[in-house]
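Residues per chain, in single letters:
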There are 2 protein chains.
Amino acid sequence: MKTPSSLTLLTESLRTLPGIGPKSAQRMAYHLLQHDRDGALQLSRALAQAAETIRHCALCNTFTEQVICDTCQDGERDTTVLCVVETPSDQLMIEQTLTFKGLYFVLMGRLSPLDGIGPKDIHLEKLITRATDGVVSEVVLATNFTNEGEATAHYISETLKARGLRVSRLARGVPVGGELEYVDAGTIARAMLDRRAT
Amino acid sequence: MKTPSSLTLLTESLRTLPGIGPKSAQRMAYHLLQHDRDGALQLSRALAQAAETIRHCALCNTFTEQVICDTCQDGERDTTVLCVVETPSDQLMIEQTLTFKGLYFVLMGRLSPLDGIGPKDIHLEKLITRATDGVVSEVVLATNFTNEGEATAHYISETLKARGLRVSRLARGVPVGGELEYVDAGTIARAMLDRRAT
């Protein structure tokens, strides 16, 4: 019993999506062919269009179709503060809090030596150029609080402080609504060390 | 903060894949644009090609690029027995057991009135035409042993028996390697009712 070659090709191509194994890829291929050919064609066009038109913002490195993204073009923002995040999703989360009015730099990754991801892959040169433009005075590091995110923050912090910039990091501590009984010891230890005068 | 429109379009198109929610779709879109643009273009081509070239076998209804699929064209098979399965994956599983040398009919679904899937959606007319070709003498129902699969088998069984065909169903019972202590009561009850002389 032979599977038609274009079906095999589709299943294998779907496996390039992150988190999709052979069974899921097959299920997706069957679903698209059986129930949603229009969806398959639309996805095909969307992939081609995105792969061709999406580039990186010359200033903040996020995805955009322009040379400079809308956020960086926004004249209302505080150009003296730069917030460094790992991904566009992280940037979106911070935007939703309405607590930050400065500009961003999106690393599009994090340092991860075990996966072979070094300073070049997180566009560190571009960040240094951006942060030392003479206007930026403070860099807020908002990488994740995972081991890799922390290492990335530490590395960037050392690099930028050596160039005379003020560098800060998002506060660590007990989450809002957190009950001490259910918060892990590492978080409480950090909250104790970073305690603030009231 | 505005997301570029072709990125939004890509994320929304990825959501048409079964089992993919907004977060996964966004993660996939970012991954493809950041790390695998070639993969995105290849997937785009594979989708377009499959949607254009894949059709249904005129005899067994499975996916194929020809009018009649390779299995149905295979001259070595027993043309008097027809095995009815829900999906091409099910057909593949049965093929792997090497216990069936007849031909197949793939429903490409199952009856599911709650989801609005009726006899027309599982190509019942095509199955009736196929099974009453004068050569087929027995139809083996190998739909899943779920509620919907059982209902589908029952419905097809009634329809085909009314046309004078011999209809059988895969045996139900304790799975190979099963320990009675850990097998559910429904399965044991069925195995007791269907017990065989040794």
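Here the structure is a predicted model, which is why all the values come from computation and not from measurement.

Caption draft 1: Representation of the sheet that holds strand E4 (residues 102-106) of chain A within the structure. Residues and elements named next belong to chain A. A sheet is described by the order of its strands in space; here four strands give the open sequence E4-E3-E5-E6, paired in parallel fashion. The open sheet has two free edges, formed respectively by E4 and strand E6 (166-169), since each of these has just one partner strand. For this sheet the average axis-to-axis angle between neighbouring strands, irrespective of direction, equals 25°. Both strand E3 (residues 78-85) and strand E5 (residues 138-141) contribute to a ladder of four bridges, which runs parallel. Bridged to Cys83 within E5 is Val140. Sheet strands in contact with helix H5 (residues 88-97) are E3 and E4, and its direction is about 160° off that of E4. The strands touched by helix H7 (residues 147-161) within the sheet are E3, E5 and E6, with E6 carrying the most contacts at an inclination of about 165°.

Caption draft 2: Looking closely at the pairing of E5(A). All names here are of chain A. Across the two faces of E5 the burial is the same, with Glu138 and Val140 and Val139 and Leu141 all buried. The pairing of E5 with E6 spans four bridges and is classified as parallel. Looking at the pairing, Leu141 lines up with Arg169 of E6. Where the polypeptide runs from E5 across H7 and back to E6, its parallel neighbour, the crossover connection is right-handed.

Caption draft 3: View of the state of the cysteines. Residue and element names in this part refer to chain B. For the coordinates displayed, the defined rule picks out zero disulfides over all chains. For the unlinked cysteine Cys83, the closest cysteine sulfur is that of Cys60, found at 11 Å. By relative accessible area, Cys83 is classed as buried at 2%.

What counts, and at which threshold
- Residues numbered from 1 in each chain as written.
- Chains lettered and ligands numbered in written order.
- Predicted model: local features only at pLDDT ≥ 70, side-chain atom pairs only at ≥ 80, totals over all residues.
- Heavy atoms only, no water.
- Pairing = 2+ DSSP bridges.
- Helix = DSSP H or I, 4+ residues; strand = E, 2+ residues; numbered from the N terminus.
- Axes fitted to C-alpha atoms, helices over the stretch in contact; angles between N-to-C directions.
- Contact = heavy atoms within 4.5 Å.
- Buried < 20%, exposed > 50% of the residue type's maximum accessible area, 1.4 Å probe, protein only.
- Right-handed = clockwise from strand over helix to strand, strands pointing away.
- Disulfide = S-S within 2.5 Å.

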